[in-house]
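Examination of the molecular architecture
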Number of protein chains: 2
Amino acid sequence: MEVVIAQSERLKAQKLAPTKKRQIGLGEPHAILVSGAAGFVGSKLARLFVDRGYPVFGFDDLSRGSRQNLSGLLTHERFIFEKVDLSDAGAVRSRFMDCHSRIPISEVWHMAANSDIAAGIADASVDLRDTFLSTFNVLNAMKEAGVPFLAFASSSAVYGDLGEAPIREDVGPLLPVSNYGAMKLASEALISAAVENWLARALLFRFPNVIGVPATHGVILDFVRKLRITPNKLNVLGSGRQQKAYLHVNDLIDAIVYLRANASERLGYYNIGPGDNGVTVSFIAETTVGAVAPGAGIEYGVEDRGWTGDVPRFSYDIAKISALGWRPQLGSADAVRKAVGEIVRQEGHL
Amino acid sequence: MEVVIAQSERLKAQKLAPTKKRQIGLGEPHAILVSGAAGFVGSKLARLFVDRGYPVFGFDDLSRGSRQNLSGLLTHERFIFEKVDLSDAGAVRSRFMDCHSRIPISEVWHMAANSDIAAGIADASVDLRDTFLSTFNVLNAMKEAGVPFLAFASSSAVYGDLGEAPIREDVGPLLPVSNYGAMKLASEALISAAVENWLARALLFRFPNVIGVPATHGVILDFVRKLRITPNKLNVLGSGRQQKAYLHVNDLIDAIVYLRANASERLGYYNIGPGDNGVTVSFIAETTVGAVAPGAGIEYGVEDRGWTGDVPRFSYDIAKISALGWRPQLGSADAVRKAVGEIVRQEGHL
């Protein structure tokens, strides 16, 4: 334990002396930078890379993520956290170059983004800043530092509303229906141009709806919280017939590190999902009611869409990642059942 | 003539009293705002709308466009020019709302963008600002003012390098190879989300290579200027085998006003081009040499691409606009011949 603390102190001392370049010896791993490191996906990814022996720099503005998600990491010898507004070009550049001068960064995992789609529709500047300019600034810093590899959390939202036809990675047109989807597509486009022009390699992960804990938003958390307030009744936005694929976060993490090891393209872009056609909102409502408040009535709205910018149903094709040999552990229904249990515990219901 | 001046003075007086709202009488046309109004396409479009009887607000930062392109418009009774940096959110908002309070704007034709693709690759912030944030700011101002219609100058660059397969509007994936293409795709995505959420209607024009005068950049102008310096020799970047479709600017203007009248979708997106597979760079070199310096030698490079971010050849499908009844006057070869003549005259060679 003393050794761990000593190494941690050494890293922190280096943090205070950013001008002193650290020389990397042969065989010493380079660092991985995870943006959005205090968030739902980023925190799990940072943990995984630390556990695999990498020094990890975690960037987050702590607006949606939290230090709580980093418990066990903040004091770890190989983890250095930087609170930084990723939409601030100057701040990103300075923190990035400082970290890079301490331990050369060989990979950036850019997970930071706005996660509140409705907020981004009400005010386009939210996704401009947090979903797009964050990518722009991280890319610029990577270019300056000469970092060769970027992994990016894109989204099924880049596809917009393509109806019920199976969505493969090469479909068109790409006409997003939310500013979130638009700024994820904008980020993909920028990364694509970077790969053409200077970036050695990039992976774009088109995330589906991802569920699990720590939950900060999403339909299950909404339902659990509504039922805490009115335990005998659950009001559902929309008709309940909206159908979506849900992937458990454990499967998501498994998929992206699998792609890191197995995808070989210079610019790889992959749908990630459970491989089924998903479950309806009414299934999620019933599962949540069953876990939290058996017997509560469920009332539905009339619209097929819960809110503007929502896509009522789609079929998410994962043949491309499947061809590399990856399989999810849980389908949509099991992922929802597992996440409902986890979120109920998180919220202290049981 | 006195009447014209009087009306012009009246508009200018209103410009000085922006708080006084102008009431629009029945039958009085609303105004059209053209961004990039001092540019190659925008100046022609502004002229056309003025000639059709619309009051036109022309926005331009005069960085690539010029007042010279507005000769005959600047003194016109129905044209008001505003020098404004479209990447400056506050400036766009204030000038836009001021114009809108004088004459309600019913259409925005957003033609402003960076036009120097290579500059945008060297420094990503060029296209961030001029190709993307300009769109973001114009959209935000439209939302605030409640303007229902946007026409947008997109680009074939959104398609990236899809090889030699015919490029229809619904192909995928969309992986641009330049920051220009990336920021045009980002703009399209943002407009798509706007149409889903608040904008009544939008048209996205995916421009091909457009040629004609006033030329400020492009391969023909490059060749003419090179031959002025070394009249006996033309050095061509790349192998000369790059093949592209070229549309004359007169056909382009014709196509976009045709779509305004004939496309009926809430979100229309159209390739615009000559409908052929284009001509090679060597054809352009030979045509230019023939017009400027007959007998001069032409020397080619070895690369298939003239510069990074260039797409060596593609086949641009215009079946969608053709189905509405539009046809270009000139194919690629005739467009090049005509533009060579025009640019030679512009440059004072003959």
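Residues numbered from 1 in each chain as written. Chains lettered and ligands numbered in written order. Predicted model: local features only at pLDDT ≥ 70, side-chain atom pairs only at ≥ 80, totals over all residues.

**Some thoughts on the overall build of chain A**
The secondary structure content of chain A amounts to 11 helices and 15 strands. Put simply, chain A has 350 residues, and 51% of those count as buried. By sequence separation, contacts in chain A at least 24 residues apart represent 80% of the contacts at least 6 residues apart. (Helix = DSSP H or I, 4+ residues; strand = E, 2+ residues; numbered from the N terminus. Buried ≥ 20, exposed ≤ 12 C-beta atoms within 10 Å, placed from the backbone. Contact = placed C-beta atoms within 7 Å.)

**Some details on the sheet that holds strand β12 (residues 267–271) of chain A**
Residues and elements named next belong to chain A. Across the sheet, which stays open at both edges, the 7 strands sit in the order β3-β2-β1-β4-β5-β7-β12 with parallel pairing between neighbours. At either end of the open sheet lies a strand with only one pairing partner, and these are β3 (79–83) and β12. Neighbour-to-neighbour, the strand axes of the sheet open up by a mean angle of 15°, direction not taken into account. In this fold helix α8 (residues 249–262) packs onto β5 (149–155), β7 (201–207) and β12, with an angle of close to 155° to the strand it touches most, β7. (Pairing = 2+ DSSP bridges. Axes fitted to C-alpha atoms, helices over the stretch in contact; angles between N-to-C directions.)

**Things to note about the interface of chain B and chain A**
Contacts between chain B and chain A engage 31 residues on the former and 31 residues on the latter. Mapped onto the side of chain B that touches chain A, the elements with two or more residues apiece are α5 (124–145), α6 (179–197) and β12 (267–271) of chain B. Broken down by element, the side of chain B that touches chain A gets its largest block of residues, 11 residues, from α6 of chain B. A class-by-class count of the residues in the side of chain B that touches chain A yields 18 nonpolar, 10 polar and 3 charged. (Nonpolar A, V, L, I, M, F, W, Y, C, P; charged D, E, K, R; others polar.)

**Considering the pairing of strand β5 (residues 149–155) of chain B**
Residues and elements named next belong to chain B. Counting buried positions over the 7 residues of β5 gives 6, a clear majority of the element. Here strand β4 (residues 105–110) pairs with β5 via 4 bridges, running parallel. Across the sheet, residue H110 finds its bridge partner in β5, namely F152.

**As for helix α8 (residues 249–262) of chain B**
Residues and elements named next belong to chain B. Look at α8: 20 Å from first C-alpha to last across 14 residues, which is about the 20 Å you get at 1.5 Å a residue. Along α8, the residues classified as buried are V249, D251, L252, A255, I256 and L259. Within α8, the buried residues cover an arc of 155° as seen down the axis, which keeps them to one side. Away from the buried face of α8 by more than 90 degrees, exposed residues A261 and N262 are located. (Expected span 1.5 Å × (residues − 1). Arc of directions from axis to C-beta.)

**Examining the confidence of the model for chain A**
Residue and element names in this part refer to chain A. For chain A, the average pLDDT comes to 89, and 88% of its residues sit at 70 or higher. Low pLDDT (under 50) marks residues 1–27, which in the prediction has 18 contacts with non-local residues, meaning those over four places away or in another chain. Across the assembled chains, the prediction reports ipTM 0.88 with pTM 0.89. (pLDDT = per-residue confidence, 0-100.)

**Overview of unusual backbone geometry**
Residue and element names in this part refer to chain A. Residue P173 follows G172 across a cis peptide bond; omega there is -10°. With respect to the helices, strands and loops of the structure, P173 is situated in the loop between β6 (166–167) and α6 (179–197). One non-glycine residue with positive phi stands out, namely L62, at about 60°. With respect to the helices, strands and loops of the structure, L62 is situated in the loop between β2 (56–60) and β3.

**Focus on the relation of the copies chain B and chain A**
Rotating chain B by 180° and translating it 0.0 Å along the rotation axis places it on chain A, where the RMSD comes to 0.0 Å. The two molecules are tied by a two-fold rotation axis, judged by turn and shift. With an isologous cut-off of 70% or more, the 100% of interface residues of chain B that recur at the interface of chain A puts this contact in the isologous class. (Least-squares fit on C-alpha atoms with pLDDT ≥ 70 in both.)

**A word on the sheet that holds β5 of chain B**
All names here are of chain B. Strand order in this open sheet of 7 strands is β3-β2-β1-β4-β5-β7-β12, and the pairing throughout is parallel. One side of each edge strand has no neighbouring strand; the edge strands of this open sheet are β3 (79–83) and β12. On average, each strand axis in the sheet is tilted by 15° relative to the strand beside it, whichever way the strands run. Strands β5, β7 (201–207) and β12 of the sheet are contacted by α6, whose axis makes an angle of about 155° with β5.

**Some details on the packing of helix α7 (residues 219–229) of chain B against helix α9 (residues 281–292) of chain B**
Residues and elements named next belong to chain B. In contact at an axis separation of 10 Å, α7 and α9 are set at 45° when each is read in the N-to-C sense. Taken together, the axis directions place α7 and α9 in an arrangement best described as oblique. The hand of the α7/α9 crossing is right-handed. Contacts from V219, I220, F223, V224 and L227 in α7 reach V281, I284, A285, T288, V289 and V292 in α9. Residues that form the contact of α7 with α9 fall into these classes: 10 nonpolar, 1 polar and no charged. (Parallel < 35°, antiparallel > 145°, perpendicular 65-115°, else oblique. Left-handed = near helix turned anticlockwise from the far one by under 90°.)

**Here's the deal with helix α9 (residues 281–292) of chain A**
Residues and elements named next belong to chain A. The end-to-end C-alpha distance of α9, which contains 12 residues, comes to 16 Å, matching closely the 16 Å that a straight helix rising 1.5 Å per residue would cover. Every buried residue belonging to α9 is among V281, I284, A285, T288, V289, A291 and V292, and all of these are buried. All buried residues of α9 project into a common sector of 165° when viewed along the axis, lining one side. The elements touched by buried residues of α9 are α7 (219–229), β9 (233–236), β13 (279–280), β14 (297–300) and α11 (332–346).

**Looking at the environment of G331 of chain A**
Take G331 of chain A: it is sitting in the loop between α10 (319–323) and α11. Apart from residues no more than four positions distant in its own chain, G331 of chain A is found in contact with P274 and D276 of chain A.

**Things to note about the environment of D61 of chain B**
Residue and element names in this part refer to chain B. Along the chain, D61 turns up in the loop between β2 (56–60) and β3. Judged by C-beta crowding, with 21 C-beta atoms within 10 Å, D61 ranks as buried. Once the C-alpha coordinates of D61 and V84 are considered, the two residues, 23 residues apart in sequence, prove to be 4.9 Å apart.

**Things to note about the environment of F59 of chain B**
Residue and element names in this part refer to chain B. Within the fold, F59 resides in strand β2. For F59 and I80, which are 21 residues apart along the polypeptide, the C-alpha to C-alpha distance reads 8.7 Å. Excluding residues that lie within four positions of it along the chain, F59 makes contacts with L33, S35, A37, E82, V84, L86, R95 and A112.

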